[in-house]
Amino acid sequence: MTLYIGLMSGTSLDAIDASIVDITEHRVSIKHAIDYPIPSELKQQLLTLINNKGGDNIELLGEVDAKMGELFAQAVNQLITESVYSADDISAIGSHGQTIRHRPDNKTPFTLQIGDASRICELTGITTVSDFRRRDIAAGGQGAPLVPAFHRAVLASNNENRCIVNIGGMANISYLPKDPKEQTAGFDTGPGNVLLDSWCHTHTNENYDKGGNWAKSGSLSEALFNEMLSDSYFSQAIPKSTGREYFNFDWIKQYLNDTSIDSKDVQRTLTELTAKTIIDAIDQYFPETQQIIICGGGAYNDYLNERLAELSGNRVIQNTSHYGIDPNWVEAAAFAWLAHCCINKIPANEPLVTGAHSRVVLGAIYPK
Ligand SMILES: Nc1ncnc2c1ncn2[C@@H]1O[C@H](COP(=O)(O)OP(=O)(O)O)[C@@H](O)[C@H]1O
Ligand SMILES: [Mg+2]
């Protein structure tokens, strides 16, 4: 058994996902996993940094980087305490960090994930790998998405072409061709839950639309839907990746000219937008897809999944639990796997996915 810990805190800011994963070359098995809460004050500080309110604040950045490092370490210590393992059983932690900026298309591209890995290492006593995205950017790539290589390693089939759809704050797809000689492909299709969450939070005070029930109670606004669908991100050529600095509450407002639309109809329309842009991306770029496999928090939005099934025609559609991996833990497991790749000097970016000029080893190691 070779155990790694994966730590993921995505654009949704809903919680830190932490999992202990047993990793062999083509199989991962999740031994224990937890959601670790982000205190609301820290979440607000993260949002201030992400939304750039009040200008860039280096003091705040330094403070929140340190606090997130401590929080990640607490998540790991809680995870280990609840499990049958001890810190000595863990080869390394793979920590994605919290994305504060993602600017892959700038003249000088960069991406910034925070959560001090020195602190994680110090407070857990476990070698920590972080900063997975920057090496890919340095190699000319978008630095995202990074999970397709992991999806390929554990979810590809020799019998059918598959698309993995990860619906977190953003939605990203990985195309896994059945022919092992064909390259993995994938990109961010656009918003996953982020618009659904922010609209829902503003109008109902709930953090998310549980089961998609609120959206289901509304009706589609064709006009708003078509306006949003015309956004240039959806027609932008691949490789492409995006984040909360683009798709956010202001993005919705920019298209919401008719303010008389009922808020539940907007929620219904945003749900359709997420579903439609995912299926359109598959139809346009990977039409040979035979099976669609859903993961990420969006896998629990029943109404969104109903819409995805309807729009995907006669393709088989299911979620990763069918393959023994809880949809909630796929991303954390991916970063455990990426830590394993880094420690073993295995290149883990997919040039066709990120646009990097070559395969490179991802991550920076903080040895215990
Ligand atoms: N039962 C549910 N019903 C509807 N949406 C859900 C449910 N459970 C989780 N979600 C959605 O999943 C999101 C979290 O997804 P996650 O994969 O953790 O995203 P990220 O990687 O951005 O943190 C929540 O913010 C929410 O929108
Ligand atoms: Mg999350």
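Just so we're clear, the structure is a prediction, and the values are computed from it rather than from any experiment.

1. Topic: the site of ligand 1
Move 1: Around ligand 1 sit 19 residues, and of these Ser12, Gly169, Asp197, Gly211 and Gly297 come closest.
Move 2: Between ligand 1 and Gly169, the relevant distance is 2.8 Å, taken from an oxygen atom to a main-chain nitrogen or oxygen of the residue.
Move 3: Burial of ligand 1 by the protein amounts to 90% of the accessible area it has alone, namely 580 Å².
Move 4: Taken together, the residues of the shell around ligand 1 break down into three nonpolar, 11 polar and five charged.
Move 5: In this structure, the shell around ligand 1 is formed jointly by two domains, domain 1 (3-143 + 330-366) and domain 2 (148-323), each of which donates at least three residues.

2. Observations concerning the state of the cysteines
Move 1: Under the criterion given, the structure shown has zero disulfides.
Move 2: Cysteine Cys121 shares no disulfide, and the gap to the nearest cysteine sulfur, in Cys342, comes to 13 Å.
Move 3: Judged by relative accessible area, which is 10%, Cys121 ranks as buried.

3. Considering the layout of surface pockets
Move 1: Empty space within the second largest pocket amounts to approximately 310 Å³.
Move 2: As for the second largest pocket, its lining consists of 14 residues, and the residues nearest its centre are His26, Ala149, Ala153, Trp337 and Ile346.
Move 3: Broken down by secondary-structure element, the contributors of at least two residues to the lining of the second largest pocket are helix H5 (148-155) and helix H13 (330-343).
Move 4: Across the lining of the second largest pocket, the residue classes tally to seven nonpolar, three polar and four charged.

4. Points about the pattern of salt bridges
Move 1: Scanning the model with the defined rule gives 14 salt bridges in all.
Move 2: Glu272 serves as the salt-bridge partner of Arg268, at 2.8 Å between the closest nitrogen and oxygen. Of the two residues, Arg268 and Glu272 are both situated in helix H11 (residues 263-285); the distance of four residues between them amounts to about one turn of the helix. As far as burial versus exposure is concerned, Arg268 and Glu272 are alike and both buried.

5. Quick notes on the nonpolar core
Move 1: With 36 residues, the main nonpolar core has Val28, Phe132, Phe150, Trp337 and Leu338 as its most contacted residues.
Move 2: When contributions to this core are tallied by element, the ones reaching two or more residues are strand E1 (3-9), strand E2 (16-24), H5, strand E10 (291-295) and H13.
Move 3: Per element, the largest residue contribution to this core is 11 residues, and it comes from H13.
Move 4: Here this core gathers at least three residues from each of two domains, domain 1 (3-143 + 330-366) and domain 2 (148-323).
Move 5: Phe132 has contacts with Gly94, Ser95, Leu146, Phe335, Leu338, Ala339, Leu362 and Gly363, leaving out every residue within four places of it along the chain.
Move 6: Core analysis: the second largest hydrophobic core is formed by 31 residues, Leu60, Val64, Leu79 and Ile100 among them.

6. As for the domain arrangement of the protein
Move 1: Each assigned domain of the protein is listed here: domain 1 (3-143 + 330-366) and domain 2 (148-323).
Move 2: Summing the contributions of domain 1 and of domain 2, the shared interface buries around 2200 Å²; its carbon and sulfur component is 57%.
Move 3: Per-residue buried area on domain 1 facing domain 2 is highest for Thr11, Val330 and Val353; these three make up 27% of the total on that side.
Move 4: Seen at the junction of domain 1 and domain 2, the total is seven residue pairs in polar contact (both at pLDDT 80 or more).
Move 5: Of all elements in the fold, only strand E3 (27-36), helix H1 (40-51), strand E4 (90-103), H13 and helix H14 (351-354) reach the threshold of two or more residues within the side of domain 1 that touches domain 2.
Move 6: Looking at which element gives the most residues to the side of domain 1 that touches domain 2, the answer is H13, with five residues.
Move 7: Classifying every residue of the side of domain 1 that touches domain 2 gives 13 nonpolar, seven polar and eight charged.

7. Re the sheet that holds strand E9 (residues 185-191)
Move 1: As summarised here, the arrangement of the five strands in space is E9-E8-E7-E10-E11, forming an open sheet in which the pairing is mixed. Of all the strands in the sheet, just E9 and strand E11 (316-319) have a single pairing partner and so form its edges. With strand direction ignored, the average angle separating the axes of adjacent strands in the sheet is 20°.

8. A word on the packing of helix H6 (residues 194-204) against H11
Move 1: H11 packs onto H6 with a crossing angle of 170° between their chain directions and a minimal axis gap of 9 Å. Put simply, H6 runs roughly antiparallel to H11. On H11, the residues that touch Leu195, Leu196, Trp199, Cys200 and His203 of H6 are Ser263, Val266, Gln267, Leu270, Thr271 and Leu273.
Move 2: Across the contact of H6 with H11, the residue classes tally to seven nonpolar, four polar and no charged.

9. Remarks on the pairing of E11
Move 1: Pairing of E10 with E11, which is carried by four bridges, proceeds in the parallel orientation. If you follow Ile292 over to E11, its bridge partner there is Ile317.
Move 2: What joins E10 to E11 is helix H12 (residues 302-311), and the crossover it makes is right-handed.

10. A look at unusual backbone geometry
Move 1: For the peptide bond that leads from Ala144 to Pro145, omega is -15°, which places it in the cis range.
Move 2: Along the chain, Pro145 turns up in the loop between helix H4 (132-138) and H5.
Move 3: Of note, the phi angle at Asn205 is positive, near 70°, even though the residue is not glycine.
Move 4: Along the chain, Asn205 falls in the loop between H6 and helix H7 (213-216).

11. Description of the side chain of Glu272
Move 1: The exposure class of Glu272 is buried, given its relative accessible area of 6%.
Move 2: With residues near it in sequence (within four places) discarded, Glu272 still touches Leu220, Phe225, Arg307 and Leu311.

Rules used throughout
Residues numbered from 1 in each chain as written. Chains lettered and ligands numbered in written order. Predicted model: local features only at pLDDT ≥ 70, side-chain atom pairs only at ≥ 80, totals over all residues. Heavy atoms only, no water. Near = heavy atom within 4 Å. Polar contact = N/O pair within 3.5 Å; in protein donor to acceptor, adjacent residues only side chain to side chain. Areas by Shrake-Rupley, 256 points an atom, 1.4 Å probe, with all protein chains shown as cover. Nonpolar A, V, L, I, M, F, W, Y, C, P; charged D, E, K, R; others polar. Domains from an automatic or database assignment. Disulfide = S-S within 2.5 Å. Buried < 20%, exposed > 50% of the residue type's maximum accessible area, 1.4 Å probe, protein only. 1 Å grid on protein atoms, 1.4 Å probe; cavity = no way out; pocket = protein on both sides within 12 Å on 5 of 7 lines; lining within 4 Å. Points joined across faces, edges and corners; volume = space filled by probe spheres on them. Helix = DSSP H or I, 4+ residues; strand = E, 2+ residues; numbered from the N terminus. Salt bridge = Lys/Arg side-chain N within 4 Å of Asp/Glu carboxyl O. Core = buried A, V, L, I, M, F, W, Y, C linked by side-chain atoms within 4.5 Å. Contact = heavy atoms within 4.5 Å. Buried area = accessible area lost by both parts, 1.4 Å probe. Pairing = 2+ DSSP bridges. Axes fitted to C-alpha atoms, helices over the stretch in contact; angles between N-to-C directions. Parallel < 35°, antiparallel > 145°, perpendicular 65-115°, else oblique. Right-handed = clockwise from strand over helix to strand, strands pointing away.

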